[in-house]
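Analysis of the macromolecular model
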Amino acid sequence: MVDNATPLRRVFAPVRALFVGDASAGILLILVAAAAMLAANSSLATEYNELINGKFGWYPHPKLSSIHYIVNDGLMAIFFFVVGLEVKRELVAGQLSDPKARRLPMVAAAAGMIAPAIVFMAVSGGGEYSRGWAIPAATDIAFAMGVLGLLGNRVPASLRLFLLTVAIVDDIGAVLVIAFFYTAKIYMPWLFASIIVFALMVLLNRMKVSSFTPYILLALILWFCVLNTGVHATIAGVVAALTIPMHRKDGNSMLERLEHGLAPWSAYLVVPVFGFANAGVSLAGMSLSNLLDPLPVAIAAGLVIGKQLGIFSIIWVSEKVGFAPRPDKASWLEVWGISILCGIGFTMSLFIGLLAFEGNQFLIDEAKIGILTGSAISAVLGYIVLRLSTEHPAEDCDDQGKQAANT
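Let us look at the structure shown here.

What counts as what
Residues numbered from 1 in each chain as written. Predicted model: local features only at pLDDT ≥ 70, side-chain atom pairs only at ≥ 80, totals over all residues. Heavy atoms only, no water. Helix = DSSP H or I, 4+ residues; strand = E, 2+ residues; numbered from the N terminus. Buried < 20%, exposed > 50% of the residue type's maximum accessible area, 1.4 Å probe, protein only. Contact = heavy atoms within 4.5 Å. Areas by Shrake-Rupley, 256 points an atom, 1.4 Å probe, with all protein chains shown as cover. Expected span 1.5 Å × (residues − 1). Bend = angle between axes of the 7 residues up to and from the residue. Salt bridge = Lys/Arg side-chain N within 4 Å of Asp/Glu carboxyl O. Patch = residues over 30% accessible without salt bridge, like charges linked within 9 Å, V, L, I, M, F, W, Y side chains within 5 Å. Axes fitted to C-alpha atoms, helices over the stretch in contact; angles between N-to-C directions. Parallel < 35°, antiparallel > 145°, perpendicular 65-115°, else oblique. Left-handed = near helix turned anticlockwise from the far one by under 90°. Nonpolar A, V, L, I, M, F, W, Y, C, P; charged D, E, K, R; others polar. Phe/Tyr/Trp six-rings, centres within 6.5 Å; stacked < 30°, edge-to-face > 60°. Lys NZ or Arg CZ within 6 Å of the ring centre and 35° of its normal.

**Quick look at the overall build of the protein chain**
Of the regular secondary structure elements, the protein chain holds 17 helices and two strands. Sorting the 407 residues of the protein chain into buried and exposed places 49% on the buried side. When contacts within the protein chain are restricted to residue pairs at least 6 apart in sequence, those whose partners lie at least 24 apart make up 80%. As presented, the protein chain carries roughly 19,200 Å² of accessible surface, and 68% of it is formed by carbon and sulfur atoms.

**Describing helix H13 (residues 294–320)**
For H13, built from 27 residues, the straight-helix expectation of 39 Å at 1.5 Å per residue is met to within 8% by its first-to-last C-alpha distance of 36 Å. Bending of H13 peaks at approximately 35° at the position of Gly302. Positioned one or two residues after H13, Gly322 has a phi angle of 80°, which is positive.

**Observations concerning the pattern of salt bridges**
Across all of its chains, the model carries four salt bridges by this definition. Of the charged contacts in the structure, one is a salt bridge between Glu319 and Arg326, with a shortest N-O distance of 2.5 Å. The exposure class assigned to Arg326 is partly exposed, which follows from its relative accessible area of 24%. The network of salt bridges with shared partners includes Arg89, Glu90 and Glu259.

**Some remarks on unusual backbone geometry**
Residue Lys208 is not a glycine yet carries a positive backbone phi of 55°. Phi at Lys329 takes a positive value of approximately 65°, unusual for a residue other than glycine. Along the chain, the position of Lys329 falls in the loop between H13 and helix H14 (332–341).

**Remarks on a nonpolar patch on the surface**
Where nonpolar side chains cluster on the molecular surface, the patch consists of Val123, Leu283, Leu288, Leu291, Leu292 and Val297 and spans about 490 Å² of accessible area. Among the secondary structure elements, Val297 is positioned in helix H13.

**Description of helix H5 (residues 99–124)**
With 26 residues, H5 ought to run about 38 Å at 1.5 Å a step, and its terminal C-alpha atoms sit 37 Å apart, in line with that. Where H5 terminates, the next one or two residues include Gly125, which has phi positive at roughly 85°.

**Observations regarding the packing of helix H11 (residues 254–278) against helix H15 (residues 347–356)**
Contact geometry of H11 with H15 gives a least axis separation of 11 Å together with a crossing angle of 45°. Compared by their axis directions, H11 and H15 come out oblique. Of the two elements, H11 crosses H15, and the hand of that crossing is left-handed. Seen from H11, the contacting residues are Val271, Phe274 and Asn278; seen from H15, they are Thr347, Leu350, Phe351 and Leu354. Its residues assigned to classes, the contact of H11 with H15 shows five nonpolar, two polar and no charged.

**A closer look at the packing of aromatic side chains**
Scanning the entire structure with this criterion turns up seven aromatic pairs. Centre to centre, the rings of Phe312 and Trp332 are 5.6 Å apart; their planes meet at 70°, and the pair counts as edge-to-face. In this pair, Phe312 sits in helix H13 while Trp332 sits in helix H14, placing the two residues 20 residues apart along the sequence. For Phe312, a relative accessible area of 24% gives the class partly exposed. Here Trp332 falls in the partly exposed class, since its relative accessible area comes to 24%. The rings of Phe79, Phe80, Phe274 and Phe351 are connected pair by pair, giving a single aromatic cluster. When the ring centre of Phe323 is taken as origin, the NZ or CZ atom of Arg103, which lies over that ring, is 5.4 Å away.

Here it is, written out as structure tokens:
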């Protein structure tokens, strides 16, 4: 008997993919970024700016005086906390726990940060733009995985895991960059207070305390202490996450339960709110020459050219010299496509751009234009290249079997 629904399924499969699986968070980010751009360049521009940047009548701290600051210094700590949980899980029991398995993702992530920085400096010419060297060095996990979700079984499972691992290592690098290169002044009393709180959280871990409450309370205190140190407050999220135990209880660790509980909130609330608060760039008063200024062009070039050049080259060299083979069942065309997708730098790139040019709104807006342009080009180009690759139906069947077994 012929299944007449099959052609319809094929027609609507791409539409369904927009709202399920890996694609949904990335698609939501795209819609939110588009909404922010429309709001900033429409009759709602004044209301949008007042909503995001308007000062409150009363606020408990200068860094919490508007929605913009609350989102960037407060809400984003949750995003970094989830990143920290992912990093710890990968280091302890995941892909990064095996020295051989982590070779390629780690060198690829390093090359994927160094090459874009070199391209950026070469194109921008340095000078007042030099503080933005790290902007094109980050990969946005949600966007990149969202594009992969739209491609279905055209991307082998090994490459999906590779992209995810590279993005996680990339996040580690970005956090270190923020801590060491975008911290102007350290207030030592608050730093010592932060160290004491962190030590208490480590002690809870050593004592195998199994309640979430003391960890959450101390994490909030740690965030407030770090907020006053001069180091960006979101670093507290990563630091706190590293203290969450992975001692197993009833088959799941505290870390895994916390990650599973917070990950959807981070992906579908925190990051979209951040995107809406930061992606809105007013083009009023900007000419075409401004859009082609060294800063936006350098950032876009770093994302589109630097990322794929650094990652693809290091994978090719690693396989040729026997350091590490390319991901299993992946063709060189597919490796190239994944390398291009790593040039999607939204969340972390916007975040670094705000820190790099703090106090200079014009350069911040130019940086945002470069990030949005480079990310869009990388997404479209990466999708096209991977769309030309062959399908992996056997892996698709395996995935369906695993999903059926879990239901």
